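Read off the chains here:
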Amino acid sequence: MGLSFKSSDSAFFDLFSQSANHLVAGIDLLAKLVAAPREERAVLRDSLHEVEHEADVTRHEISKKLNASFVTPLDREDISELAGVLDDCMDYADEAGDLIVLYQLEELPAGIIEQVVQLQRCAELTAEAMPGLRKMEGLRDYWVEINRLENYGDRIYRDMLAEIFEAGLDPLTVIKLKDIIETLEKAMDKFEALANTVESVAIKES
Amino acid sequence: MGLSFKSSDSAFFDLFSQSANHLVAGIDLLAKLVAAPREERAVLRDSLHEVEHEADVTRHEISKKLNASFVTPLDREDISELAGVLDDCMDYADEAGDLIVLYQLEELPAGIIEQVVQLQRCAELTAEAMPGLRKMEGLRDYWVEINRLENYGDRIYRDMLAEIFEAGLDPLTVIKLKDIIETLEKAMDKFEALANTVESVAIKES
Amino acid sequence: MGLSFKSSDSAFFDLFSQSANHLVAGIDLLAKLVAAPREERAVLRDSLHEVEHEADVTRHEISKKLNASFVTPLDREDISELAGVLDDCMDYADEAGDLIVLYQLEELPAGIIEQVVQLQRCAELTAEAMPGLRKMEGLRDYWVEINRLENYGDRIYRDMLAEIFEAGLDPLTVIKLKDIIETLEKAMDKFEALANTVESVAIKES
């Protein structure tokens with residue numbers, strides 16, 4: 001087993017930033033996808049898949065580094081937790097893109113586009129916050145803002161849910177839209193879980 | 001980091017009891033909500049949200065105390081696990097209340113009311129069991145009874161699921177009811193997960 | 001608390017093999033169930049429940065042994081993780097069998113039968129791989145192949161999902177089929193999670 005010491009510190013934080021940057025890239029593609037006409041979405045979904053795959057590779061590197069590290073800059077379980085939740089955010093974003101293409105919906109409701117805008121903001125804030133893990137600095141604003149965005153996203157989600165049942169849509173379209181907005185809501189919940197993990201790590205390490 | 005020693009023991013158990021008491025209060029509100037006429041449900045949903053928020057605060061206190069404690073009365077991971085699962089029970093109860101209001105259903109099927117009665121019983125048993133964690137006493141009856149209730153709840157859930165598809169309801173109503181009974185079933189599963197966690201802690205500590 | 005030493009090693013690996021063998025037996029019953037005419041499915045569902053119950057017993061033995069063991073052949077959290085994910089695979093297979101009987105569908109789409117064939121292959125590979133945990137030998141082929149099968153299963157799942165919405169089925173049948181194929185997909189995801197856990201344990205222990 002190769003051991004890495006102080007050097008490992010910086011490496012883990014670089015990998016967290018890399019994961020967060022994959023998230024930004026992936027959710028930007030999801031934003032393009034929900035705004036695109038139906039026939040242009042499949043190409044964007046494929047690019048989103050590629051980013052999701054890169055994110056998997058980064059997560060894999062974090063696990064390998066963790067297993068090969070004798071000392072770690074944060075508790076081992078916190079490093080796995082952070083890597084895992086970053087991955088969950090990406091997976092739900094990727095799944096949402098998939099479903100939108102699969103269900104071949106025409107123009108999407110404004111609420112779905114609004115959900116993705118919130119996810120974009122969460123991804124950007126996460127990418128900005130990751131470097132703060134090194135010195136546990138400036139993280140408070142991040143988790144407070146993510147929690148605010150998640151509450152707002154939750155309202156959008158509930159309004160959408162009520163809306164699709166009252167819009168006089170055919171049942172199959174309701175099932176499709178419900179599936180998509182629920183998947184986007186799960187992505188948002190994972191961003192909140194990530195912020196909560198960062199918060200508890202910050203409290204512990206401070 | 002402020003350290004707390006023996007004092008922390010009693011504090012953790014008090015917080016677990018507090019969480020369980022929030023659960024009792026929350027699920028009593030859910031029981032009132034499912035029995036109430038449609039137009040009176042929103043107010044009860046709001047009170048349920050408030051209790052859910054108080055439960056979040058308690059869970060937060062447990063995490064903060066855990067991060068600030070040098071010695072703990074139970075293994076750290078068991079304390080987080082217990083706090084997390086107590087929170088999950090509350091979240092699903094809260095979500096069920098939300099959906100019932102959101103979907104604006106008229107009178108609810110007897111099966112849903114029956115599911116909530118089982119959840120009430122689980123919450124009461126949990127609140128009665130929490131003090132037993134101090135001395136690991138009298139917990140066996142608790143987890144055996146919760147498992148019995150979960151099996152019974154499972155049968156109610158399956159019967160309901162078959163029923164709503166055979167009742168000749170319109171598809172949108174089926175989707176709404178399926179969503180509600182599944183959320184209540186998830187709450188029940190979390191009570192079982194909680195009982196299983198208590199059991200494994202009890203076995204370990206005895 | 002009874003302590004077990006070196007002896008415990010072999011016992012844990014035997015229990016993992018036992019869990020995997022329950023999985024093989026359970027998913028073979030699921031395969032029979034999906035191929036059987038409607039009226040013969042309930043009996044197979046009952047046998048599947050029995051196997052699922054035996055798997056619960058085995059998982060319980062692993063937890064008890066873990067709590068009673070002073071030294072363990074693998075990290076404690078890895079042992080719980082492996083036991084938990086093996087159990088998840090079984091639970092989703094059991095749930096799928098339940099839903100198929102509950103929803104009283106006539107002949108099932110070929111895609112569902114194909115999903116179960118992939119699950120059978122995963123269960124067999126898992127049972128063959130478990131003994132390799134003792135010496136961490138020959139596990140690489142296992143996790144590579146499971147990941148390949150999961151990717152293939154994912155394609156089957158997506159094709160099915162698109163199909164059921166385009167087949168001109170009534171909405172209630174779409175809801176039922178969607179529920180079943182999603183549950184089978186979750187079982188497949190759990191086999192991948194299991195393979196990933198085995199991989200990270202193997203890397204750590206090597």
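Provided above is the structure to which this section pertains.
On a predicted model such as this, the values are computed, not experimentally measured, just so you know.

Thresholds applied
- Residues numbered from 1 in each chain as written.
- Chains lettered and ligands numbered in written order.
- Predicted model: local features only at pLDDT ≥ 70, side-chain atom pairs only at ≥ 80, totals over all residues.
- Heavy atoms only, no water.
- Helix = DSSP H or I, 4+ residues; strand = E, 2+ residues; numbered from the N terminus.
- Rg over C-alpha atoms; globule rule 2.2 N^0.38 Å.
- Buried < 20%, exposed > 50% of the residue type's maximum accessible area, 1.4 Å probe, protein only.
- Contact = heavy atoms within 4.5 Å.
- Areas by Shrake-Rupley, 256 points an atom, 1.4 Å probe, with all protein chains shown as cover.
- Lys, Arg positive; Asp, Glu negative; His and termini not counted.
- Charge placed at Lys NZ, Arg CZ, Asp CG, Glu CD.
- Core = buried A, V, L, I, M, F, W, Y, C linked by side-chain atoms within 4.5 Å.
- Least-squares fit on C-alpha atoms with pLDDT ≥ 70 in both.
- Buried area = accessible area lost by both parts, 1.4 Å probe.
- Salt bridge = Lys/Arg side-chain N within 4 Å of Asp/Glu carboxyl O.
- Polar contact = N/O pair within 3.5 Å; in protein donor to acceptor, adjacent residues only side chain to side chain.
- Nonpolar A, V, L, I, M, F, W, Y, C, P; charged D, E, K, R; others polar.
- Axes fitted to C-alpha atoms, helices over the stretch in contact; angles between N-to-C directions.
- Parallel < 35°, antiparallel > 145°, perpendicular 65-115°, else oblique.
- Left-handed = near helix turned anticlockwise from the far one by under 90°.
- Expected span 1.5 Å × (residues − 1).
- Phe/Tyr/Trp six-rings, centres within 6.5 Å; stacked < 30°, edge-to-face > 60°.
- Lys NZ or Arg CZ within 6 Å of the ring centre and 35° of its normal.

Caption draft 1: Local environment of the overall build of chain A. Counting its secondary structure elements, chain A contains six helices and zero strands. Rg of the C-alpha trace for chain A: 18 Å, near the compact-globule value of 17 Å for 206 residues, within the 12% margin. Projected onto its principal axes, the C-alpha positions of chain A cover 60 × 30 × 20 Å. Each of the 206 residues in chain A was classed as buried or not, and the buried ones make up 54%. Nonlocal contacts in chain A, meaning residues at least 24 apart in sequence, comprise 84% of its contacts between residues at least 6 apart. As presented, chain A carries roughly 8800 Å² of accessible surface, and 50% of it is formed by carbon and sulfur atoms. Here chain A contributes 21 positive and 42 negative side-chain charges, whose respective centroids are spaced 4 Å apart.

Caption draft 2: Summary view of the nonpolar core. Ranked by size, the top nonpolar core spans 222 residues in total, and within it F16 of chain A, F16 of chain B together with F16 of chain C carry the most contacts. For F16 of chain B, the contacting residues outside a window of four places in its chain are I62, L74, I79, L82, A83, L86, M130 and L133 of chain B.

Caption draft 3: Inspection of the relation of the copies chain B and chain A at higher detail. Least-squares fitting of chain B to chain A yields an RMSD of 0.0 Å, with the transformation described by 0.0 Å of translation along the axis and a rotation of 120°. The superposition of one copy onto the other is thereby described by a three-fold rotation axis. The rotation axis passes nearest to the C-alpha of P171 of chain B in chain B, at a distance of 3.7 Å. Of the residues that chain B buries at the interface, just 15% are likewise interface residues in chain A, meaning the two copies contact each other through different surfaces.

Caption draft 4: Seen up close, the interface of chain B and chain A. Listed per partner, the contact involves 13 residues of chain B and 14 residues of chain A. Together chain B and chain A conceal approximately 1200 Å² of surface at their shared face, both sides included; 66% is due to carbon and sulfur atoms. Looking at the side of chain B facing chain A, the largest losses of area belong to N67, L102 and L172 of chain B, adding up to 41% of the total buried there. Our count for the contact surface shared by chain B and chain A stands at two salt bridges. Note that K178 of chain A is salt-bridged to D179 of chain B, the shortest N-O span being 2.9 Å. For the pair chain B and chain A, the interface holds four residue pairs in polar contact (both at pLDDT 80 or more). Among the elements of the structure, helix 2 (41-68), helix 3 (76-102) and helix 6 (171-205) of chain B are those that each provide at least two residues to the side of chain B that touches chain A. If one sorts the elements of the side of chain B that touches chain A by residue count, helix 6 of chain B sits on top with five residues. Here the side of chain B that touches chain A is composed, by residue class, of six nonpolar, three polar and four charged.

Caption draft 5: Region of interest: the relation of the copies chain B and chain C. Least-squares fitting of chain B to chain C yields an RMSD of 0.0 Å, with the transformation described by 0.0 Å of translation along the axis and a rotation of 120°. A low fraction, 13%, of the interface residues of chain B reappear at the interface in chain C, so the copies pair through non-equivalent surfaces.

Caption draft 6: Main features of the packing of helix 3 (residues 76-102) of chain A against helix 6 (residues 171-205) of chain A. All names here are of chain A. At a closest axis distance of 9 Å, the pairing of helix 3 and helix 6 adopts a crossing angle of 165°. Considering the angle they form, helix 3 stands roughly antiparallel to helix 6. Remark: the crossing between helix 3 and helix 6 carries left-handed chirality. Its residues assigned to classes, the contact of helix 3 with helix 6 comprises 17 nonpolar, two polar and eight charged.

Caption draft 7: Region of interest: the pattern of salt bridges. Here the structure, examined in full by the defined rule, presents 42 salt bridges over all chains. K178 of chain A is the partner of E182 of chain A in a salt bridge, and the nearest nitrogen-oxygen pair spans 2.6 Å. Linking E182 of chain A with K178 of chain A, this pair stays in helix 6, spanning four residues, or about one helical turn. The class of K178 of chain A is buried, set by a relative accessible area of 9%. One connected set of salt bridges, linked through shared partners, spans R45, D46 and D98 of chain A together with D154 and R158 of chain C.

Caption draft 8: Quick peek at helix 3 (residues 76-102) of chain C. Residue and element names in this part refer to chain C. In a regular helix each residue adds 1.5 Å, so 27 residues correspond to 39 Å; helix 3 covers 38 Å between its end C-alpha atoms and thus fits that length. Most of helix 3 sits inside the fold, with 19 of its 27 residues counted as buried. At the C-terminal side of helix 3, Q104 shows a positive phi close to 45°.

Caption draft 9: Focus on the packing of aromatic side chains. The full count for this structure, using the stated rule, is three aromatic pairs over all chains. On the numbers, 5.0 Å between centres and 65° between planes, the contact of F165 of chain A with Y103 of chain B is edge-to-face. Of the two residues, F165 of chain A is situated in helix 5 (residues 140-166) and Y103 of chain B in the loop between helix 3 and helix 4 (110-129); the pairing between them involves two chains. Across the pair, exposure class does not vary: F165 of chain A and Y103 of chain B are buried alike. Here the basic side chain of K65 of chain A rests over the ring of F12 of chain A, its NZ or CZ set 5.9 Å away from the ring centre.

Caption draft 10: A look at the interface of chain B and chain C. Facing 15 residues of chain B, the contacting portion of chain C comprises 14 residues. When chain B packs against chain C, close to 1200 Å² is buried across both sides, 67% of that on carbon and sulfur atoms. Seen at the junction of chain B and chain C, the total is two salt bridges. Among the ionic pairs, D98 of chain C bridges to R158 of chain B, the shortest N-O distance being 2.3 Å. Joining chain B to chain C, the criterion identifies four residue pairs in polar contact (both at pLDDT 80 or more). Counting residues per element, the ones that place at least two in the side of chain B that touches chain C are helix 5 (140-166) and helix 6 of chain B.

Caption draft 11: Examining the packing of helix 5 of chain B against helix 3 of chain C more closely. Where helix 5 of chain B meets helix 3 of chain C, the closest approach of the two axes is 10 Å, and the angle between their N-to-C directions is 40°. The angle between helix 5 of chain B and helix 3 of chain C places the two elements in the oblique class. Of the two elements, helix 5 of chain B crosses helix 3 of chain C, and the hand of that crossing is right-handed. Every residue of helix 3 of chain C that contacts helix 5 of chain B at R158, L161 and A162 of chain B is listed here: D98, L99 and L102 of chain C. Split by residue class, the contact of helix 5 of chain B with helix 3 of chain C holds four nonpolar, no polar and two charged.

Caption draft 12: Quick look at the environment of D170 of chain B. Along the chain, D170 of chain B turns up in the loop between helix 5 and helix 6. Given a relative accessible area of 41%, D170 of chain B falls into the partly exposed group.

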